[in-house]
Amino acid sequence: MFPALRLRHRHLLAPLILISVVTSAPAARKHASETPALAPIHAELVALLDARFLKPGSPLLLRVKDAWQNGDCKLREGSILKGHVVDANVSSKEDRISKVALVLDEAQCNGPALVPLPLAVAAIMARDPAEFGNTQEYAPLNALPVAIRGAGGTGPLSLSSAAVVAENSATRVNSPKQVSLGDVVGLSGLKLSVGTGPEQSTVLSTKGHNVSLQRYTQFVLVPTALIAHETAAAPAGPAPTAVAAGLAERPATPAASSVEAARTDTQPRMPAAVPEPDVEACAPPSCHVALPDAATTAEVHAEKSFPLRELGYAPRYGIELDDFNHEAALAYLGEHQLLVTFNPHTLIDRRDGKDVSRMVRAAVLDTSTMRAIRIVDWPIADHKQYLWPAGEDRVLAHVGNELRVYGPGLKIERRIELQGPLAWVRVSPSQKNFAIGVIRERHSKELHAQLAAAATSEPEEDMEIRVLDVEFQTTATAVRSSRFMPPVLTDEGEVEVDLQDRDKERWHLVEYSWDHQAHSIAYVKSACMPQISSIAPDLLFVVTCGRNAGAKYRVLRRDGSLLLQGSSSAEELGEGAGGNRRGKAFVVAIAQADCAVPSGGYFYPSDLKKEHLAVYRATDGKRIFTTHVDSPPPTREAYALAPGAGELAVFSAEQISVYPVPPQ
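(A) Molecular detail of the overall build of the chain. Looking only at helices and strands, one finds 4 helices and 50 strands in the chain. In the chain, which comprises 664 residues, the share counted as buried stands at 52%. Long-range pairs, those at least 24 residues apart, make up 60% of the contacts in the chain between residues at least 6 apart in sequence. For the chain, the computed accessible surface area is about 29,500 Å², with 52% contributed by carbon and sulfur atoms.

(B) Representation of the packing of aromatic side chains in the model. The full count for this structure, using the stated rule, is 8 aromatic pairs. Ring geometry for F586 against Y616: centres 5.5 Å apart, planes inclined by 20 degrees, an arrangement best described as stacked. Of this pair, F586 sits in strand β44 (residues 585-593) while Y616 sits in strand β45 (residues 608-617); the two residues are 30 residues apart in sequence, bridging distant segments of the chain. Judged by its relative accessible area of 0%, F586 is buried. Taken together, the ring pairs connect Y313, F342 and F651 into an aromatic cluster. Its guanidinium or amino end placed over the ring of Y523, R506 lies 4.1 Å from that ring's centre, counting from NZ or CZ.

(C) How the structure looks around the pairing of strand β18 (residues 202-207). Most of β18 sits inside the fold, with 5 of its 6 residues counted as buried. With 6 bridges connecting them, strand β9 (residues 97-107) and β18 associate as antiparallel partners. Note that in β18 the partner of V100 across the bridge is L204. As paired strands, strand β17 (residues 191-193) and β18 are joined by 3 bridges and run antiparallel to one another.

(D) Local environment of the state of the cysteines. Taken as a whole and judged by the stated rule, the model has 3 disulfides. Across the disulfide, C73 is cross-linked to C109 (sulfur-sulfur distance 1.9 Å). Given an S-S torsion of about -80 degrees, the disulfide between C73 and C109 has left-handed geometry. Taken as a pair, C73 in strand β7 (residues 73-75) and C109 in the loop between β9 and β10 (115-125) lie far apart in primary sequence, 36 residues in all. Summarising the burial analysis for this pair, C73 and C109 share the class buried. Two residues, C282 and C287, share a disulfide whose sulfurs are 1.9 Å apart. Classification of the bridge connecting C282 and C287 rests on its S-S torsion, roughly -95 degrees, and on that basis the disulfide is left-handed. Given a relative accessible area of 1%, C287 falls into the buried group.

(E) A look at the sheet that holds strand β43 (residues 572-578). With antiparallel pairing, 4 strands are arranged side by side in an open sheet as β43-β44-β45-β46. Of all the strands in the sheet, the pair left with one neighbour each is β43 and β46 (623-630). Each strand axis lies, on average, 15 degrees off the axis of its neighbour in the sheet, ignoring direction. Where β44 meets β45, 9 bridges bridge the pair, whose relative direction is antiparallel. By the bridge assignment for β45, I590 is matched with H612.

(F) Representation of helix α4 (residues 445-454) in the model. Of all the positions in α4, only L447, H448 and L451 are classed as buried. The arc enclosing the buried residues of α4, seen along the axis, measures out at 105 degrees, which places them on a common side. Residues of α4 that are exposed and point more than 90 degrees away from the buried face comprise K445, E446 and A453. Turning to α4, the residues buried within the fold contact β5 (59-64) and β8 (80-89).

Calculation notes
Residues numbered from 1 in each chain as written. Predicted model: local features only at pLDDT ≥ 70, side-chain atom pairs only at ≥ 80, totals over all residues. Heavy atoms only, no water. Helix = DSSP H or I, 4+ residues; strand = E, 2+ residues; numbered from the N terminus. Buried < 20%, exposed > 50% of the residue type's maximum accessible area, 1.4 Å probe, protein only. Contact = heavy atoms within 4.5 Å. Areas by Shrake-Rupley, 256 points an atom, 1.4 Å probe, with all protein chains shown as cover. Phe/Tyr/Trp six-rings, centres within 6.5 Å; stacked < 30°, edge-to-face > 60°. Lys NZ or Arg CZ within 6 Å of the ring centre and 35° of its normal. Pairing = 2+ DSSP bridges. Disulfide = S-S within 2.5 Å. Axes fitted to C-alpha atoms, helices over the stretch in contact; angles between N-to-C directions. Arc of directions from axis to C-beta.

Shown next as structure tokens:
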């Protein structure tokens, strides 16, 4: 009897195949000396497989879903398996049976290069609805204990493991816990004949229509040699059946055992879902509701301004956008030094062959005199965020192929070589810890091109994650998939948001601390995945959406209590907030368009007529003052609070405006 292929759930969101093969006792005794207990490989289809577009020799690409190791071959999650079509025909009036014969013969064993590894398709399952297109995961800073200095200098802490974020049902998917040789699960009309085609290929067949498998269809593969042994030894009679239902554990290997043991010791447990009320009640004096500007006293006007045309800035109104961009940014280099950056859209000299997507002009303004004291241009390799606060008088900037630490006067204090494209940077609210994701090429140039041609998105790459301390020394490293989302850092760890109930649109916010503890923050209701950012020590800015247009935003303390609550209409977009490391005050900004902009819709910068800004006291959420600017740029870094929260700088189409902030 061919060994049954057992399944178990890795977590509640998706059923995944374990690497385990359990042979029946007679078969095990008969082949103990010649057939090792080889594990099946769980993989998914990279692109559509349709008999109408196939011919002998057409490539077949699969992505490994679970790490696998046997002998000299080690496959990591995300490794590519390559095969080809041996034969294919479409359904016709003469022959209503459509067939496709497949073999897998190469794999990324132990690295990016493809090496020979003969595999046979043993079973096929429909794509997992709990994963397809809807699952996102935060980038884990490290799954194993690593040293990192605490924000208060109290000694080393350990970063938490991955936090899973899913825009899908959190309930178990009804799927078999095990499959057998030749099984087809969830694909009506498809039949599988293992090892019966030319070149020991597996033949997929359907009657009355063409063989067609969608992207993410799941494959179970076994070494071709094992198929040959089982075929030769199989007795006459009915096809083998799955063994008794139950969860099977992976056979221990030295590598797997150490990793599993480490995960058992270090991974924080998810707090159990409890019927706690959603965060809705907001009652003074500990919480305030953000009221429309008309319901308050007169606005505060700018005390000082600086015309942007003197720096070479000109707004661009004719570009179509689906979200706010990173074409301008403000940050402070001390109490009265304001760093103003923007894309002047100048011509780029590409004769030196450098990878430059745009130039950014950086100017330092003395806000006490409103005069520019230094102006430089930075070559930027992408269109992502390029500027982050790194202390009260320092910033971190992505310039060229490195990160630079700039101090007062825009003096370079440190350079951090990246050795690859920058994926993201995340800064803790205290600005004493930094997480950096750098892309590493996972595939050969040829395989990368094949994957890019087969799929609609960029191929998955490796991402090196580095954690830096306040002196920008590396304290931890890890390698993860480029598909992981950046972490949401707090001073004590990172935040996860988990969908608890799709029907009720209920999400659970959880903090995983660096010492491997987990605690529930709050429950919120949202028709989309909540957007979360850390805006100050112990404060989170959470934006949710309803079924209709418009959004709701909240400022939460880390203990889950509500500090501020507000809402925006369908004509308002770009909800954002910012603070500083001292945490005395924070600012909330919302842009107003001429007309309603549907969620996921497009708009032009010329559609934005105003940006409303309100500064709040961090202790109780009481509004200090409110203001607005006309024709704001569609960028999220267009405002900044001074380190002592004594002034607020705002970027608009014509000028930089500086507002005095009353003492808190």
